[in-house]
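Architecture at a glance
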Amino acid sequence: MADSAIVGHLGTAQLAGLGVASALLTTAVSVFVFLAYATTAAVARRVGAGDLPAAIRQGMDGIWLALLLGAAVIAVVLPAAPGLVDLFGASETAAPHATTYLRISSLGIPAMLMVLAATGVLRGLQDTRTPLYVAIAGFVANGVLNVVLVYGADLGIAGSAWGTVIAQCGMAAVYLTVVVRGARRHGAALRPDLAGIRASAQAGVPLLVRTLSLRAILLIATAVAARLGDADIAAHQIILSLWSLLAFALDAIAIAGQAIIGRYLGAGDAQGARDVCRRMVQWGIAVGVVLGVLVVVSRPLFLPLFTSDSLVKDAALPALIVVAVCQPISGVVFVLDGVLMGAGDGPYLAWAMLLTLAVFAPVALLVPTLGGGLTALWVAMNLMMTVRMLTLWLRTRSGRWVVTGATR
């Protein structure tokens, strides 16, 4: 959101370019979010079973895997950036800005993936304070660097990208320091273990499929918005930034679910896991209602932070109402997603998200033909979240996710 607010005042073309580039960059990173999610669940199970050295060793395998994957992604994104931007239908005015931002930001991908894996280790160890401090420091550094480099050094959108890269590398360095100290304290090995890295990768495959399906949904939404025009894709970028912020807020409960559910199941306490699941769903609904109300109330104050273009504001205002209405549903979705991840129920999550993608894609792709603009596109996004809620609720009710022990 900080990047969007700072770049948005450079112009609509720059914001539109950021909208396309950030969707691609987020996809390049978020498809590997299993580095955090699978690591959290696996480490938490070991903690519940009372084997702390094995828990940290499993976390180190995830960090080594993150480094390997990050190097591979850079090798693909750097040369392919212009083609990827064109694939999204970015306009001639927005495409150069998108390519610049994507190429520079891709250099920070290894650091971003290391942050994911190390965060997963600490969450699994039930330490959420350190990730809080690192996230706040990273946000402040990113904001300051963006302002200094974009406006002070007059680097434009390139300055925003460099600010993000520097902030991410700093966060990765802090996380590595914390994890390495913990490993030495408990006698866990730091060197790469090929068998452990391979096991981490295999455990993450179902979550990779799940995340790819989710990213495909978000990429389809961005591609549709890009074809509606620069004002619509710029408005979509603003709304997607807000939607992502709200998702992270609700995901806080889900992440707690991953760590706590994993710990209970690792300790063999099936009833405790069910009780925690029920309580977190209640929290998810309540927080979703509060966030939805805040979105409606803050709309007039929110949009001017990102743009002064009246066309962009007009496109965004009704779509924000649609986002607000869906927040209680989103609360249930994120909580149950976290519960099933904490239980290691990755294969079901993969199949459920593939089904959701199959429902969403044709509806979204019809928006330019049937009309309704950006608001209709976000109605389709609400449909996607409703389908997710139904699939996750059915699985939770079945009880098949409750499998106890140090490993699933």
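Just above sits the structure.
First things first, this report covers the structure right here in the doc. (Residues numbered from 1 in each chain as written. Predicted model: local features only at pLDDT ≥ 70, side-chain atom pairs only at ≥ 80, totals over all residues. Heavy atoms only, no water.)

For Gln 126, which is not glycine, the phi dihedral falls at a positive 70°. Owing to a relative accessible area of 29%, Gln 126 belongs among the partly exposed residues under this scheme. In this structure, Asp 154 takes a positive phi of about 55° despite not being glycine. For Asp 154, the position within the fold is in the loop between α7 (129-152) and α8 (157-185). (Buried < 20%, exposed > 50% of the residue type's maximum accessible area, 1.4 Å probe, protein only. Helix = DSSP H or I, 4+ residues; strand = E, 2+ residues; numbered from the N terminus.)

As a further point, take the packing of aromatic side chains. For the structure shown, the criterion picks out two aromatic pairs. Aromatic side chains Phe 32 and Phe 34 sit 6.2 Å apart centroid to centroid with 70° between the ring planes, which places their arrangement in the edge-to-face category. As far as burial versus exposure is concerned, Phe 32 and Phe 34 are alike and both buried. Over the aromatic face of Tyr 264 sits the side chain of Arg 263, whose NZ or CZ is 5.5 Å from the ring centroid. (Phe/Tyr/Trp six-rings, centres within 6.5 Å; stacked < 30°, edge-to-face > 60°. Lys NZ or Arg CZ within 6 Å of the ring centre and 35° of its normal.)

Residues Leu 132, Tyr 133, Ile 136, Phe 139, Val 140, Val 144 and Val 148 make up a contiguous nonpolar surface patch of roughly 680 Å² in combined accessible area. The residue Val 148 is located in helix α7 in this model. According to the relative accessible area criterion, Val 148 is partly exposed, its value standing at 45%. (Patch = residues over 30% accessible without salt bridge, like charges linked within 9 Å, V, L, I, M, F, W, Y side chains within 5 Å. Areas by Shrake-Rupley, 256 points an atom, 1.4 Å probe, with all protein chains shown as cover. Salt bridge = Lys/Arg side-chain N within 4 Å of Asp/Glu carboxyl O.)

Further remarks concern helix α11 (residues 270-302). Maximum bend of α11: about 40°, positioned at Val 296, with proline Pro 300 one to four residues after it. Buried residues of α11: Gly 272, Ala 273, Val 276, Cys 277, Met 280, Val 281, Gly 284, Gly 288, Leu 291, Gly 292, Val 295 and Phe 302, and no others. Structurally, α11 contributes buried residues whose contacts are with α10 (230-266), α12 (310-325), α13 (327-342) and α16 (373-398). Where α11 begins, one side-chain oxygen reaches toward the backbone nitrogen of Gly 272, 2.8 Å away; that side chain belongs to Asp 269. (Bend = angle between axes of the 7 residues up to and from the residue. Contact = heavy atoms within 4.5 Å. Polar contact = N/O pair within 3.5 Å; in protein donor to acceptor, adjacent residues only side chain to side chain.)

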